[in-house]
Amino acid sequence: MGNVVQLRTNDSLRSVVAGLGDPMRDKIASAAYVLQYLDDYQLAAIYKSNWLGRKIVDIPAMDAVRKGRDWQAEQDQIELIEAEEKRLGFWHKLLEVKVKARLWGGAALYIGTGDTDLMQPLEPERISKGGVKYLTVLGRRDVSAGEISQDVLSEFYGRPAYYEVTGSSTASMVRIHPSRLAVFVGAPHADNLLSQGPNQGWGDSILEAVYTAMKNADATAANIASLVFEANVDVFRIPDFMTSLSDPAYSSRLLERFALAATAKGVNRALILDKEEEYERKQVTFAQLPEIMQTFLQMAAGAADIPVTRLLGQSPAGMSATGESDMNNYYDRVSSIQSLEMTPALYRLDECLIRSALGSRPAEIFYEWSPLKQMTEKEQAEIGKLYAETSEIFGRTGLFTSEELRTVVANQLVESSFYPGLDQAMEETGTDWEKEFEANKEAEAQAKAEAEAARQQMGDAAPRTLYVRRDVLNADELIAWAKGQGFKTTLPADDLHVTITFSRTPVDWMKMGDNWSDNGKGGLTIPAGGPRLMEAFGQNGEAKVLAFASSALSWRHEDMKRNGASWDHEEYQPHITISYDPDAPDIDSIEPFRGKIELGPEIFQEVKEDWQAGIREE
């Protein structure tokens, strides 16, 4: 009786008919993942010569540090901490160490305190004011990791027990206790005990996991580029070509013949052929190549966990595509890097930094990473309005005193950067603000009561079109600036203004509410600086305007729209029209006005459809 051969079978996915899992028929059955190691020379070459690899390394590192941190402390304490960060070059070095960690697999920030015995643990409690002397960036190639600690009772279990660097003498090595280093790794190892070679005790370069996808994208781009040179191929059909080719003299005459034809074609745009010869030009189509290239770039972006819009710097494609969800997911990932990787690595350094800046460690001081997503002016205005409404409700309920509520609301507005410098302005106001506030409040209440009584006497106002503007009070300064920039004529001083609403839809003017964001006299001051641009408005760009940012104006405009006013444009941009002169200088050559802009009170008028007929310039 023969031997029984037992065949090892897989699960139901295997089919004898289809041949799934059969190494003789299924090509993928013999495929396997293997370790892919990039040595330092390859990593250096990629970072120096390959744009895609460099961006994959740099972008998350840059995004993780570019907005900084928001310290929660007294203003003078925050200033001291930020001054200490500036003295130590903290942010520049944090970016450098993060880039090196992602490229080489690991890097560290050495906390220089002037101690001589570097194998002793660093105790932040012993740091005095100015105790942190310097910070040094050490890449994985600059420092060697020691043996992995096996002491389960140590906070450094599973990590190097020490690090070694070159001392003052190149022949000596200095050991450093791990508490004196803020250690960052690239791609963490699954088990440090299984890692070997120069990356032992560190991590892997993030380029190793994306190398295949990145190389495929580069290879695809290179092949597409080579096809460009083959876009047009000239084809000649010559009678008895193969038969005559064996004659050396014929070959020489043939080459001379087509060299002459090419010369004639290049000079005279005419091709000279024998009667029996044929000529044809074949063109290669590139219709599907962009989609193929985009697919490989998307795979590289997915491998790097960076949105294509951020990696390539391109706008989202497709109908209704904004890329907002992709960027929100990416921002969440960067936030995870900050909170789960960088904050623990910087903990001991931050404790030393606070003591070095203040001389002590107040327990109430902490920080949060600044959000990467920036709100639009409209979103900021809406949030500011919610802050104001919430504080107004709290004030009416009487749960808090006016002083308590003032302090809390001010901190909220300062921390959200809605009103930068508000805390300094409050200090200048002093403690007598409440008396003046109550007096103004009583005056406003009396004015509102009188207005309400008048309204009740005559009933609701009849709906009518609405045009609201604020005139520029320092128009002479803007005109002097415009003339200095090359404008021959401008609108007259009494016509320079900012439009807030231009509603062709009739509305009840009394429902537009009153403006509370003025300077106490009905006016509004736009501080010097901030975003300023010269733009061309109108169907043909005939209006040369100074565009600027103002949350107060944007807020007021949106409030009027919510109360029924219409607006003919998609967005509202505060601006001052300078001139309609067709011979005005090119806006790209104009330096915007950077000074303070004083605006008068709001002026309500009905819409004039023929307003353009009244334009005049001086």
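These notes cover the structure that comes with them.

1. Things to note about helix α10 (residues 324-358)
Move 1: A rise of 1.5 Å per residue sets the reference length of α10, with its 35 residues, at 51 Å; its end C-alpha atoms lie only 41 Å apart and thus fall more than 12% short of the reference.
Move 2: Its maximal kink placed at Y347, α10 deviates by approximately 55°.
Move 3: Positive phi appears at G359, one or two residues downstream of α10, with a value of about 85°.

2. A short note on the side chain of R69
Move 1: Note that R69 resides in strand β1 (residues 69-72).
Move 2: Residue classification places R69 among the buried residues on the basis of a relative accessible area of 7%.
Move 3: Here D350 takes part through its side chain, which lies 3.0 Å from a polar atom of the side chain of R69.
Move 4: Here the side chain of R69 touches Y367 through a polar contact of 3.4 Å, side chain to side chain.
Move 5: Leaving out residues up to four positions away in the same chain, R69 has contacts with E85, F90, W91, L346, D350, L353, Y367, E368, W369 and S370.

3. Topic: a nonpolar patch on the surface
Move 1: Among the surface-exposed residues, V152, L153 and Y157 lie close enough to one another that they form a single nonpolar patch of about 380 Å² accessible area.
Move 2: Inspection of the secondary structure assignment puts Y157 in the loop between β4 (144-145) and β5 (163-166).

4. Some remarks on the packing of aromatic side chains
Move 1: In this structure the tally under the stated criterion is eleven aromatic pairs.
Move 2: Ring plane angle 50° and centroid distance 6.2 Å describe the contact between Y110 and Y134, whose orientation is recorded as tilted. Taken together, the residues span a long stretch of sequence, with Y110 in strand β2 (residues 106-112) and Y134 in strand β3 (residues 134-139) at a distance of 24 residues.
Move 3: A residue is classified by how much of its surface remains accessible, and Y110, at 10% relative accessible area, is buried.
Move 4: Note on Y134: relative accessible area 39%, which makes it partly exposed.
Move 5: Through successive ring pairs, a cluster of aromatic residues spans W71, F90, W91, Y367 and W369.
Move 6: Across from the ring centre of Y162, 3.9 Å away, lies the NZ or CZ of R175, which sits over that ring.

What counts, and where the lines are drawn
Residues numbered from 1 in each chain as written. Predicted model: local features only at pLDDT ≥ 70, side-chain atom pairs only at ≥ 80, totals over all residues. Heavy atoms only, no water. Helix = DSSP H or I, 4+ residues; strand = E, 2+ residues; numbered from the N terminus. Expected span 1.5 Å × (residues − 1). Bend = angle between axes of the 7 residues up to and from the residue. Buried < 20%, exposed > 50% of the residue type's maximum accessible area, 1.4 Å probe, protein only. Polar contact = N/O pair within 3.5 Å; in protein donor to acceptor, adjacent residues only side chain to side chain. Contact = heavy atoms within 4.5 Å. Patch = residues over 30% accessible without salt bridge, like charges linked within 9 Å, V, L, I, M, F, W, Y side chains within 5 Å. Areas by Shrake-Rupley, 256 points an atom, 1.4 Å probe, with all protein chains shown as cover. Salt bridge = Lys/Arg side-chain N within 4 Å of Asp/Glu carboxyl O. Phe/Tyr/Trp six-rings, centres within 6.5 Å; stacked < 30°, edge-to-face > 60°. Lys NZ or Arg CZ within 6 Å of the ring centre and 35° of its normal.

That's the geometry; what it means functionally is another story.
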